[in-house]
Amino acid sequence: MKKIRIREKYCMGCRLCEIYCAVQHSKSKDLVKAYRGEYPKPVPRILVEEKDYLSFAIQCRHCEDAPCIGACITGAMSRDPKSGAVLCDENKCVGCWMCIMMCPFGVIGRGKEKKVISKCDLCVGEKEPACVKNCPNEALVLEEE
Amino acid sequence: MVKSTPPFGFAIKRDDEKCIRCQACARMCSNDVHAYDAEKDIIVSDSTKCVGCHFCEAICPTSALTVERTQSQYRENFNWTAEVINDIKSQAGSGGVILTGMGCDKPYTNYWDRIVLNASQVTNPSIDPLREPMELKTFIGRKPDRIEMGSPEGPKLETEIPHQLELEAPIMFSAMSYGSISYNACFALARAASDFGTFWNTGEGGLHRDFYRYGPRTIVQVASGRFGVTREYLNTGAAIEIKIGQGAKPGIGGHLPGEKVTEPISETRMIPAGTDALSPAPHHDIYSIEDLRQLIYALKEATRYRKPVGVKIAAVHNVAPISSGIVRAGADFIVIDGMRGGTGAAPKVTRDNVGIPIEIATAVVDSRLREEGIRNQASLVVAGGFRKSSDVIKAIALGADAVYVATSALVAMGCTICQKCYTGKCNWGIATQDPYLTKRLNPEIATRRLKNLLRAWSLEIKEMMGGMGINAIESLRGNREQLRGVGLSEMELKMLGIKSVGEAW
């Protein structure tokens, strides 16, 4: 499957990936409207980690042996057979946060609007995830694994 | 008295309707112009610190920012311009020399803009470069005085041809040292030159270990500081260039401040980390053409006569006789750097007042070498402010073998010519060694863009050559009949060796 590869040596910490991710998962999908008009403010599903000049953006790694799938008590978390991505069915999620506890990368968050988790869905349906498409320095690339 | 500081030159306009407070500008600006005020939920921009590099504008996701030049409020006049007044104020405060970066920005005549090209009409056919082969291949190096063709079986070249540099197009990347520009910038230049089939130049800062693999496409420089010069270094490059002078600062040495001499740079330059890298103004072993000959031959000996050795000088008043001396000293190519050539740091007064434009220098050097019958002994590479493909083709027609571009290459990598290279705070990650900033230049993107630039200019040159009915750049070299001057004085036309517009062949 195609996965997002992180190239930390080119990440400049501008956090545009976070902004575009949040907008991609907002109601309006418009930068200005999403940030200036929507409440609660859209939350990104990608996070830029920084220490001194090292920075990188991390999102769900869509692990082969995803511990979150095993930990999910309702079967909301599952692997999409077509894309191979680990996705959460928001209708099934009860917000027990077990997946958050289990995730070795700490990339699953709590949704702001509903009591469900929020994680990277590889922007299903899009040609390229929003973070990859909008990274100004190509620090994130979508590659066949 | 009231402290008198020069007014700032830029105003940052923020469209509040569009600003989403993402703070990308605040995070990215190395000059700390933008800051987020959490209490008021606004981003405050301090225009006084802005250098006009436009990085924030480029990074802003909603295009909420515009960096504008502000109009000075002085009662300016023709002599006392805002620049003059500001320079005096700044020097009255600092008591020092005003530093600047990039090339001369004063409005001396740009002769490229006063020269027009010819095209074929009726009496000679033009060529469509998309349908017919066009040749831009260029060879740099000494050409033999005559060639012997022999052998009873058929024509065979019997003369031994000296080592040549083979270029796919007559454009090379000019010298920019590792230290003055970042590792990633050097990397991109090296890779683009290798992929395209031209050459890049190490500048005087030595060659980083990682770039030894690009050696066959590298011109290694030997300058007055002799940084990083070893036998291995000399033998790794495809050619050697002795740097005597630089167009932006003729007669002046270099000074890389200690804070830029990081661990890898200290290793490459072979000087202690954190110490200033000083290039003396002259080579202390070269005080005459005879001395220069000794260095040229020392370098040829060191490389077993396998590499062309060139000499780079700044275009100054005596450029033609000096060039003649350089050729007679044994150089295989001469590089002339005109006054619009760039630099990482130079005194502003030198940059703006010393040297001559490259157009005139190209013409007089080519003419002089032809008159003396030694033009074949060395190739002529010209540099200094080549902005577009038409500048390149005009230089070739004036008599150059190839041109060096550096500022244009930097612009392709993001540079906006803000002239603040000497501060080491380049937001684009080019003229800096700050690890926060250098990683902003992804060499993969930069390589792609440099290759695109070379390709685009090559296509345009072919297009213009086709219009003239010429299918090989060799036929255009020194072909000044293809050029005509517009609005130039008789003396200028004489110096350029071209006719005025309206004069037929």
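Procedures and definitions
The residue numbers shown here count from 1 along each chain, following its written sequence. Chains and ligands are labelled by the order in which they are written, letters from A for the one and numbers from 1 for the other. Local features are withheld for residues below a pLDDT of 70 in this predicted model, meaning they are given only at 70 or higher, and side-chain atom pairs are given and counted only at 80 or more; totals for whole chains, interfaces and linings count all residues. Here a strand is any run of E in DSSP of at least two residues, a helix any run of H or I of at least four, and the numbering for each starts at the N terminus. A radius of gyration in this sense is built from C-alpha atoms; the matching globule rule multiplies 2.2 Å by the number of residues raised to 0.38. Exposure criterion: with C-beta atoms placed from backbone coordinates, a residue whose C-beta has 20 or more other C-beta atoms within 10 Å is buried, one with 12 or fewer is exposed, and one in between is partly exposed. Contacts are defined on C-beta atoms placed from the backbone: any two residues whose C-beta positions lie within 7 Å are in contact. Segment limits for the domains were obtained from an automatic or database-derived domain assignment. Under the scheme applied, nonpolar residues are Ala, Val, Leu, Ile, Met, Phe, Trp, Tyr, Cys and Pro; charged residues are Asp, Glu, Lys and Arg; polar residues are all the others, including Gly. As used here, a nonpolar core is made of buried Ala, Val, Leu, Ile, Met, Phe, Trp, Tyr and Cys residues. They are joined through C-beta atoms within 7 Å. The rule for pairing is simple: two strands pair if DSSP sees at least two bridges between them. Only the contacting stretch of a helix is used when fitting its axis, a line to C-alpha atoms as for every element, and angles between N-to-C directions run 0 to 180 degrees.

**Q** Would you mind showing me how to read the overall build of chain A here?
**A** What chain A contains, in helices and strands, is 5 helices and 8 strands. Taken over the C-alpha trace, chain A has a radius of gyration of 15 Å; the compact-globule value for 145 residues is 15 Å, and the two agree within 12%. Referenced to the eigenvectors of the C-alpha coordinate spread, the extents of chain A come out at roughly 40 × 40 × 30 Å. Here chain A holds 145 residues, and the buried ones make up 37% of them. Considering only intrachain contacts with a sequence separation of at least 6, the fraction spanning at least 24 residues in chain A is 58%.

**Q** How should I be thinking about the domain arrangement of chain A in this particular structure?
**A** Accessible area lost upon the coming together of the parts serves often as the stated size of an interface. All names here are of chain A. Domain parsing of chain A yields domain 1 (1-59 + 123-145) and domain 2 (63-119). Centre-to-centre separation of domain 1 and domain 2, based on C-alpha positions: 19 Å. With 8 residues of domain 1 at the interface, the matching set in domain 2 holds 10 residues. Grouping the amino acids of the side of domain 1 that touches domain 2 by side-chain chemistry returns 6 nonpolar, 1 polar and 1 charged.

**Q** Looking at this structure, I do not really get the nonpolar core. What am I missing?
**A** Among soluble globular proteins, nonpolar side chains are generally buried collectively. If you look at the biggest cluster of nonpolar residues, it comprises 189 residues, and the most contacted ones within it are Leu189, Ile336, Val381, Val403 and Met413 of chain B. When neighbours within four sequence positions are excluded, Met413 of chain B is seen to be in contact with Ala185, Ala188, Ile430, Leu441, Ala446, Arg449 and Leu450 of chain B.

**Q** How should I be thinking about the interface of chain A and chain B in this particular structure?
**A** Listed by partner, the interface residues are 16 residues for chain A and 16 residues for chain B. Listing elements by their share of the side of chain A that touches chain B, those giving two or more residues are α1 (16-24) and α2 (31-37) of chain A. Looking at side-chain class alone, the side of chain A that touches chain B contains 10 nonpolar, 2 polar and 4 charged residues.

**Q** What am I meant to see in the sheet that holds strand β21 (residues 402-405) of chain B here?
**A** Strands pair in a sheet through their backbones, by hydrogen bonds, and they do so in one of two ways: parallel or antiparallel. Residues and elements named next belong to chain B. The 8 strands are arranged β11-β21-β20-β18-β17-β14-β13-β12 in an open sheet whose pairing can be described as parallel. Of all the strands in the sheet, just β11 (171-173) and β12 (200-201) have a single pairing partner and so form its edges. In this sheet, β21 lies alongside strand β20 (residues 379-383) in parallel orientation, the contact comprising 3 bridges. Across the sheet, the residue bridging to Ala383 is Tyr404, located in β21. Relative to strand β18 (residues 333-337), helix α8 (residues 319-328) is tilted by about 155°, and along the sheet it contacts β17 (309-314) and β18.

**Q** Looking at this structure, how should I read the sheet that holds strand β6 (residues 115-117) of chain B?
**A** All names here are of chain B. The mixed open sheet is built from 3 strands, whose spatial order is β6-β22-β23. Only two strands of the sheet have a single partner each, and these edge strands are β6 and β23 (499-500). Sheet topology places strand β22 (residues 483-485) next to β23; 2 bridges connect them, and they run parallel. Across the sheet, Gly485 pairs through a bridge with Ser500, a residue of β23.

**Q** Any chance you could explain the domain arrangement of chain B here in plain terms?
**A** Residue and element names in this part refer to chain B. Parsing chain B into structural domains produces domain 1 (10-96) and domain 2 (138-142 + 169-500). Counting residues at the interface gives 9 residues for domain 1, matched by 7 residues for domain 2. By residue class, the composition of the side of domain 1 that touches domain 2 is 5 nonpolar, 4 polar and no charged.

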